[in-house]
Amino acid sequence: MPDPTPVPDSPTEPLSRYIQRQTQRVRAFDTRRPRVWDGLLTAVWTGAALVDASGGWRNIARDPTVPVGLVIAMSLAFSLPLLWRRRHPMVALAVMGCAALLSNWTGAFLQAGLLQMIVVFHIALRRPPRALLWTFTLLAPPLVEGSVRFPQGSWDQHIVPTLWAYAVVALLGIAVRSRQDYTAALVDRARRLEVERDQQAQLAAAAERNRIAREMHDIIGHNLSVITGLADGGRYAAAKNPERAAEALDAIGTTSRQALAELRRLLRGEAVRDPQPTLADLDALITGVRKAGLPVRVESTGDTQKLPAGAQLTVYRVVQEALTNTLKHAGEGAESTVLLAYTRDEVTAEVRNTGRTPEPSGRGQGITGMRERAKLYDGTLEAGPLAEGGWRVRLRLPLEDSPS
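Thresholds, definitions, all that
- Residues numbered from 1 in each chain as written.
- Predicted model: local features only at pLDDT ≥ 70, side-chain atom pairs only at ≥ 80, totals over all residues.
- Heavy atoms only, no water.
- Axes fitted to C-alpha atoms, helices over the stretch in contact; angles between N-to-C directions.
- Helix = DSSP H or I, 4+ residues; strand = E, 2+ residues; numbered from the N terminus.
- Parallel < 35°, antiparallel > 145°, perpendicular 65-115°, else oblique.
- Left-handed = near helix turned anticlockwise from the far one by under 90°.
- Contact = heavy atoms within 4.5 Å.
- Salt bridge = Lys/Arg side-chain N within 4 Å of Asp/Glu carboxyl O.
- Pairing = 2+ DSSP bridges.
- Core = buried A, V, L, I, M, F, W, Y, C linked by side-chain atoms within 4.5 Å.
- Buried < 20%, exposed > 50% of the residue type's maximum accessible area, 1.4 Å probe, protein only.

Caption draft 1: Representation of the packing of helix α5 (residues 116–126) against helix α6 (residues 131–149) in the model. Look at α5 against α6: their axes get within 10 Å of each other, and the N-to-C directions meet at 165°. Relative to α6, α5 is oriented roughly antiparallel. For the element pair α5 and α6, the recorded crossing hand is right-handed. Residues Q116, V120, I123 and A124 of α5 pack against A131, L132, T135 and L139 of α6.

Right under this line is the structure:
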């Protein structure tokens, strides 16, 4: 239920919220300009102490004959140290303690001595708890001195209530400090969570960029290699067999449109929703490679269609990348063999070629991307030259219910 007491200039704002907002403004100003607030507070209490020194102090004094000049000096000794209460609270309290000893010794018992509570509050707020022990060693002697020199009733009537008042002020400072620490911890935790969210978002964005880069490399690299092979074959066939040249041009157009469609889906974020290539699409892939001029022989054992869709995509992309590298680097007269084997524990895909020119050593984006795909499924990828010549790429993916 909202607070029914609004402030006059804001009829819709509850009074408690208004006070909280104004308190936050005062704290913000104090943080920006601490000396202004310290000077203002010291000036106010110095004025109050001097007003009391003008005659009001005699109402509670045990000896009203204390010289006025001494009373003024003691009043200033109680109020002026407030200016140092934040930077040097123990020094300020020591000066006040000396003034309290003199005040109780003379019998003035100035009310300005209660200003020591402000310093006690700041010690409890900003200093370690052990500092409070030294604080009470400064506060107790003047009280004992006053009760001994000017006894009134039992000896504890002047000591115990005043010490309790100091203890309550110290507890208040500890409570405020605990609340500030708790608030600071909440703010720090919120900042850490925000930093973690930002880092997770950056990692997700980086992972997405890497995924898009791998897909674009596979799509563009493979299709451009096929187009290049078709164009070379069409050029040689143009003079002797125009029909074969026309078929090559048709295949180039089909391959280009497929590549553009895949890129369009990828860049629009539709590749996640659209069906990704599986091992059922290998026939179309190999047919395109054969049209580009690379003879490919395929051997398959086991039912590879039982693989999860993600694993099938990985096998498809690795075979695609290996055949693309063969088209680009194996040289004329090369042949390629694709071996697929599915067992109860793992699936392997091996692509060999007989080219005389070795393929890249793995420092390029293609083989690096293949290795990253394999790691996603705890698999391994080996790429290197064969002893008898040519190149081999071997992928191994363990199944989910088998050890990696």
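Caption draft 2: Here's a closer look at the pattern of salt bridges. Using the criterion set out here, one finds nine salt bridges in the structure. Between E346 and R396 there is a salt bridge, with the nearest N and O atoms lying 2.3 Å from each other. Of the two residues, E346 is situated in strand β5 (residues 346–353) and R396 in strand β7 (residues 391–398); the sequence distance between them amounts to 50 residues. Through salt bridges that share partners, D38, R85 and R86 make up one connected network.

Caption draft 3: Molecular detail of the sheet that holds strand β6 (residues 380–385). The mixed open sheet is built from five strands, whose spatial order is β3-β4-β5-β7-β6. Every interior strand has two partners, whereas the edge strands, β3 (296–301) and β6, have only one. Between one strand axis and the next, the sheet turns through 10° on average, direction left out of account. Taken together, the seven bridges between strand β4 (residues 336–342) and β5 define a ladder with antiparallel strand orientation. Residue pairing across strands places T337 opposite R352, the latter belonging to β5. Taken strand by strand, helix α10 (residues 309–329) contacts β3, β4, β5, β6 and β7, and its axis lies near 175° from that of β7.

Caption draft 4: Inspection of the nonpolar core at higher detail. By size, the foremost hydrophobic cluster in this structure holds 31 residues, and its most contacted members are V315, V319, L323, L381 and L395. Mapped by element, the contributors of at least two residues to this core are α9 (282–291), α10, β4, β5, α11 (365–376) and β7. Here this core gets seven residues from one element, more than from any other, and that element is α10. Excluding anything up to four places from it in sequence, V315 contacts L279, L340, A349, L395 and L397. By size, the runner-up hydrophobic cluster in this structure holds 27 residues, among which are L82, L93, A112 and L132.

Purely spatial values, then, with no claim about function.
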